[in-house]
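Understanding the architecture of this molecule
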Amino acid sequence: MVGVERWDRVGRGAAYGAALALSPYLLIKVTWVVGSLLGVAPIGKGFDITGWVLLNTVTIGMAGIGIATALALVRPWGMRIPGRLVLFCAWTGSGFLVSILPYAVFSTLLDAAHGGSGGGGGSDEAVMPGWEAALVQFSFVGMGLGLAVALPAYLRRRWPHAFLGRVGDGDGADTPRPGAASRRRRVVEAARASWVALVAVVVGLVWLYWAVGGTLGISRPDERDTNGYVLTGVGAFWALAGAAATRTLARARPAGLRHRLLLGLGWLGSGSLFAWSGWKLPIMLLFALVHPADVTLPENLAVAAVLHLAAVVAGAAMLRTLVVSRPRAQS
């Protein structure tokens, strides 16, 4: 009990730390919007003033939601608001951060090796000096680490039963045998999870193929850069890891695997699929309609859009499997 209480205190502190860490990112984005409107700050490559303000206003909203989510994990009102809302925001935020954290580390190392400013490339490079890039990466890393510690503590307080048992445990003689209807539901859920996992695996394998240099489905190979390879590779890893964990949870066969470990992998993998592809899909569709002359993407837009749509659907369906999964009671 003492260990649980200590972990809860650590989780509460991490939640406050996550909210504080993301604040610089929020303030930087606000200054970008205000500065561009006043004409005293540059706008990113490939954007007009309207698009730049709109993009950064959206990210301001996302940062605000992230800070509110972190506070919900520690403040008393966070236990009263609908649990599904908290979980959805935390799931989406985790999906963004679990990919951006390794990307931020690798891109910083690569930029340092090449004498860059650490901006990480992309449309922000023209407006982000080194100190701002460092603050942005501090915000991402701090939020990611804080959320990783605070969220399990919150879940343990609100739904303690989800942390009990192991997948495959409790098959002894004292365990009640499930009824026919329950067995049929499990079979249906396992079949659905298998199909969903297959979609995620296909998406992950295509991304992995692109990450190691494959060009099928790439319209402009010369537009690719190392940062893009890294981010694509991280997305591929989480797609494959999340698919494997979700399918294992649905089938509930491997004895000894901890339910919470599989739940965590499935949570992060499905969130990464949903969050990143949900962000990129509208951008792909916008580029396909507008065809901006000063911005080109390496991927074939049609292929990338189909993959992102499949990833969004797979991520959402994987979450459903995770929500209905339950650890078996230990015998």
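The sections below set out a description of the structure shown in this document. (Residues numbered from 1 in each chain as written. Predicted model: local features only at pLDDT ≥ 70, side-chain atom pairs only at ≥ 80, totals over all residues. Heavy atoms only, no water.)

1. Section: the side chain of D8
Here D8 is to be found in helix α1 (residues 2-38). The class of D8 is buried, set by a relative accessible area of 16%. Every residue in contact with D8, bar those within four places of it in the chain, is listed here: A153 and R157. (Helix = DSSP H or I, 4+ residues; strand = E, 2+ residues; numbered from the N terminus. Buried < 20%, exposed > 50% of the residue type's maximum accessible area, 1.4 Å probe, protein only. Contact = heavy atoms within 4.5 Å.)

2. Considerations on the packing of aromatic side chains
All told, the structure shown has 7 aromatic pairs when counted by the stated rule. Aromatic pair F237 and W238: ring centres 5.0 Å apart, planes at 75 degrees, arrangement edge-to-face. Take F237: its relative accessible area is 49%, and that puts it in the partly exposed class. Judged by its relative accessible area of 12%, W238 is buried. Joined through ring pairs, the aromatic side chains of F88, W91 and F274 make up one cluster. (Phe/Tyr/Trp six-rings, centres within 6.5 Å; stacked < 30°, edge-to-face > 60°.)

3. Looking at the environment of A211
Relative to the helices and strands, A211 is located in helix α5 (residues 180-211). Assessed through its relative accessible area of 18%, A211 is described here as buried. With 22 residues separating them along the chain, A211 and G233 place their C-alpha atoms 5.0 Å apart. Ignoring sequence-local partners within four residues, the contact set of A211 consists of R224, Y229, T232 and G233.

4. Some remarks on helix α4 (residues 130-158)
Look at α4: 41 Å from first C-alpha to last across 29 residues, which is about the 42 Å you get at 1.5 Å a residue. Its maximal kink placed at L147, α4 deviates by approximately 25 degrees. (Expected span 1.5 Å × (residues − 1). Bend = angle between axes of the 7 residues up to and from the residue.)

By themselves these figures say nothing about function.
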